[in-house]
Amino acid sequence: MKLTIHRGTHEIGGSCIELATANTRILIDIGLPLVDEEGQSFKLGNYLDLSKAELVERKIAKDVPGLYKEDIDIKPPDAILISHSHPDHYGLLPFVKPQIPLYLSEGCLELMKATYYFRGLDPISETVEIIEHQKVISISDFQITPYLVDHSGFDAYAFLIEAEGKRIFYSGDFRGHGKKSTLFDRFIATPPKDIDYLIMEGTGIEGKDCDYEKEEELRDRLVTIFKQKKGLIFFGCSSQNIDRISSLYSACRRSGRTLVLDPYTVYLLDVLRTRAPSIPQFDFKDIRVFFTSDSNTRRLADDKTLYKYKNSKITYDEIENKKDSLVVKQSYGIRKAFAKKGYIEGSTLIYSMWSKYFENEKPFWDEYGISPMHVHTSGHAGVQQLKKFASALNPATIIPVHTLSPAKFPEHFGSKVKMLSDGKPTEL
């Protein structure tokens, strides 16, 4: 069996891994880079008209044989496994041959469909198979067992992959300190045995040799801040970080504040209602919706979905009268509207994402002399969790992926580490 990490041996983002037997090829993830050529957050819409050759030349995509729509005469891979719904793991799918079967979780599919809906992309191909925790999948020569993991990406999976007498475990993106931390604990207690190769993410390999703050500890910190601060509080986090939004809502309830969300966010939560009934919803107590004036809201209005949220709509008069009891999940549309009304001055900003993402927003907040309070915990495993994970699986070989620092791995995992290079096949 051959392993080719098309992207990820020295990079976070753009994940794409290929495993091939004599008869079968499968890909695990087909992601976009995290940032564009100028170091800015990647916006797929700017590149949808590019050809495969242009995508490869500009280092947006890798030249994977038979993968793209333009590869008419080349046999495509037999399947693509998508680990979770972050664009750096699935974002190149619009360029991929639609007949290639996709294997992904229900929650991942719903969030991807929502992203396609807002971007006006064609619907995801009908060749979709839903994966479930420890339910074995057979794809020609491969037998694959998905494992649900704790991650900031909703409904994320790792994979045990078996073929030609080899057992390979792909960690995907994972952590052990989120709302689903019990998944990590159970996995460590009863891991799969006899692993030949562990392909393990190393986003946090450069961090301190300690555990990250737990999600419930972050929630408790928010409660304290919400009780201490006066006036409007703005909160910055990803709309797809369902754990963080759940923590935010819980902190609002415990501190007597109302959470204000934009239509895009409530739509994402709404499409996951069946999969996770307990996550915050637009019709829950102490949740209101501010109707932003942006393309996402207009799309919801055009197909009448926005009408569903009308009873939860919050008006400017209510905002004016309840400033001391509101926490507003910020977005570009909310910042723009609230600035016009003079609601930014004197407010508090809490930022709950990777600090580098704040660079694009910093000029706006600097105008009002507001510095963010950074209240965040990683969506990825820290060094201690990586060690526990690797120790439990006890593989013969560890292959770093999804990392900027593969050279750090031998410091923690010794001679088991085998470092690879993008695009170079390795015989397993």
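Attention in this report is confined to the structure presented alongside it. None of these values were measured; they are calculated from a predicted model.

Rules of the game
- Residues numbered from 1 in each chain as written.
- Predicted model: local features only at pLDDT ≥ 70, side-chain atom pairs only at ≥ 80, totals over all residues.
- Heavy atoms only, no water.
- Helix = DSSP H or I, 4+ residues; strand = E, 2+ residues; numbered from the N terminus.
- Rg over C-alpha atoms; globule rule 2.2 N^0.38 Å.
- Buried < 20%, exposed > 50% of the residue type's maximum accessible area, 1.4 Å probe, protein only.
- Contact = heavy atoms within 4.5 Å.
- Areas by Shrake-Rupley, 256 points an atom, 1.4 Å probe, with all protein chains shown as cover.
- Lys, Arg positive; Asp, Glu negative; His and termini not counted.
- Charge placed at Lys NZ, Arg CZ, Asp CG, Glu CD.
- Pairing = 2+ DSSP bridges.
- Axes fitted to C-alpha atoms, helices over the stretch in contact; angles between N-to-C directions.
- Salt bridge = Lys/Arg side-chain N within 4 Å of Asp/Glu carboxyl O.
- 1 Å grid on protein atoms, 1.4 Å probe; cavity = no way out; pocket = protein on both sides within 12 Å on 5 of 7 lines; lining within 4 Å.
- Points joined across faces, edges and corners; volume = space filled by probe spheres on them.
- Expected span 1.5 Å × (residues − 1).
- Parallel < 35°, antiparallel > 145°, perpendicular 65-115°, else oblique.
- Left-handed = near helix turned anticlockwise from the far one by under 90°.
- Nonpolar A, V, L, I, M, F, W, Y, C, P; charged D, E, K, R; others polar.

1. Some points on the overall build of the protein
Right, on to step 1. Looking only at helices and strands, one finds 13 helices and 19 strands in the protein.
Right, on to step 2. In terms of overall dimensions, the protein is globule-like: its C-alpha atoms have a radius of gyration of 22 Å, near the 22 Å expected for 428 residues.
Right, on to step 3. Taken along its principal axes, the extent of the C-alpha atoms in the protein is 70 × 45 × 40 Å.
Right, on to step 4. When the 428 residues of the protein are sorted by exposure, 57% land in the buried category.
Right, on to step 5. Sequence separation of at least 24 residues holds for 69% of the intrachain contacts in the protein that already meet a minimum separation of 6.
Right, on to step 6. Counting only carbon and sulfur atoms, one obtains 47% of the accessible surface of the protein, whose full area is about 18,400 Å².
Right, on to step 7. A distance of 5 Å separates the average location of the 57 positive side-chain charges in the protein from that of its 59 negative side-chain charges.

2. Looking at helix α12 (residues 383–393)
Right, on to step 1. Turning to α12, its buried residues are V383, Q385, L386, F389, A390, A392 and L393.
Right, on to step 2. Where α12 is buried, its residues contact β10 (166–170), α4 (181–189), β11 (197–201), β18 (397–401) and α13 (409–413).

3. Structural notes on the sheet that holds strand β6 (residues 128–130)
Right, on to step 1. Strand order in the open sheet formed by 7 strands is β6-β5-β4-β3-β2-β1-β19, and the pairing between neighbours is mixed. Here the strands that pair on one side only, and so sit at the sheet edges, are β6 and β19 (426–427).
Right, on to step 2. Sheet contacts for helix α3 (residues 106–119): β5 (102–104) and β6; angle to β5, the most-contacted strand, approximately 115 degrees.

4. Focus: the pattern of salt bridges
Right, on to step 1. Counted under the stated rule, the structure contains 25 salt bridges.
Right, on to step 2. With its nearest N and O atoms 3.7 Å apart, the salt bridge here joins K113 to E110. Here the residue K113 and the residue E110 both occupy positions in helix α3, the gap between them amounting to 3 residues, near one helical turn.
Right, on to step 3. Across the pair D270 and R273 runs a salt bridge whose closest N-O atoms are separated by 3.5 Å.
Right, on to step 4. If you follow the salt bridges from partner to partner, you end up with D150, R175, K180, E215, D243 and R244 in one network.

5. Some thoughts on the layout of surface pockets
Right, on to step 1. Approximately 400 Å³ is the volume attributed to the second largest pocket.
Right, on to step 2. In this structure, the second largest pocket is lined by 22 residues; those nearest its centre are K69, L93, P94, F95 and V96.

6. Concerning helix α6 (residues 242–255)
Right, on to step 1. With 14 residues, α6 ought to run about 20 Å at 1.5 Å a step, and its terminal C-alpha atoms sit 20 Å apart, in line with that.
Right, on to step 2. For α6, the tally of buried residues reaches 12 of 14 residues, placing the bulk of the element in the interior.
Right, on to step 3. Looking at α6, one finds that the buried residues are I242, D243, R244, I245, S246, S247, L248, Y249, S250, A251, C252 and S255.
Right, on to step 4. Where α6 is buried, its residues touch α5 (215–228), β12 (233–236), β13 (258–261), α7 (263–271), β14 (287–289) and β15 (326–329).
Right, on to step 5. Once α6 finishes, G256 follows within two positions and takes phi at roughly 75 degrees, a positive value.

7. Considerations on the environment of L48
Right, on to step 1. Turning to its location among the elements, L48 is positioned in the loop between β3 (25–28) and α1 (52–57).
Right, on to step 2. When the C-alpha positions of L48 and H86 are compared, they lie 18 Å apart, and in sequence the two are 38 residues distant.
Right, on to step 3. Residues in contact with L48, not counting those within four places in the same chain, are P94, F95 and L121.

8. Observations concerning the packing of α5 against α6
Right, on to step 1. Axis separation between α5 and α6 bottoms out at 8 Å; the angle between their running directions is 40 degrees. For the element pair α5 / α6, the angle class is oblique. Here the hand of the crossing between α5 and α6 comes out right-handed. Taking contact as the criterion, the partners of E215, L218, R219, D220, L222, V223, F226 and K227 in α5 are, on α6, D243, R244, S247, L248, S250, A251, C252, R254 and S255.
Right, on to step 2. Residue composition of the contact of α5 with α6, by class: 7 nonpolar, 3 polar and 7 charged.

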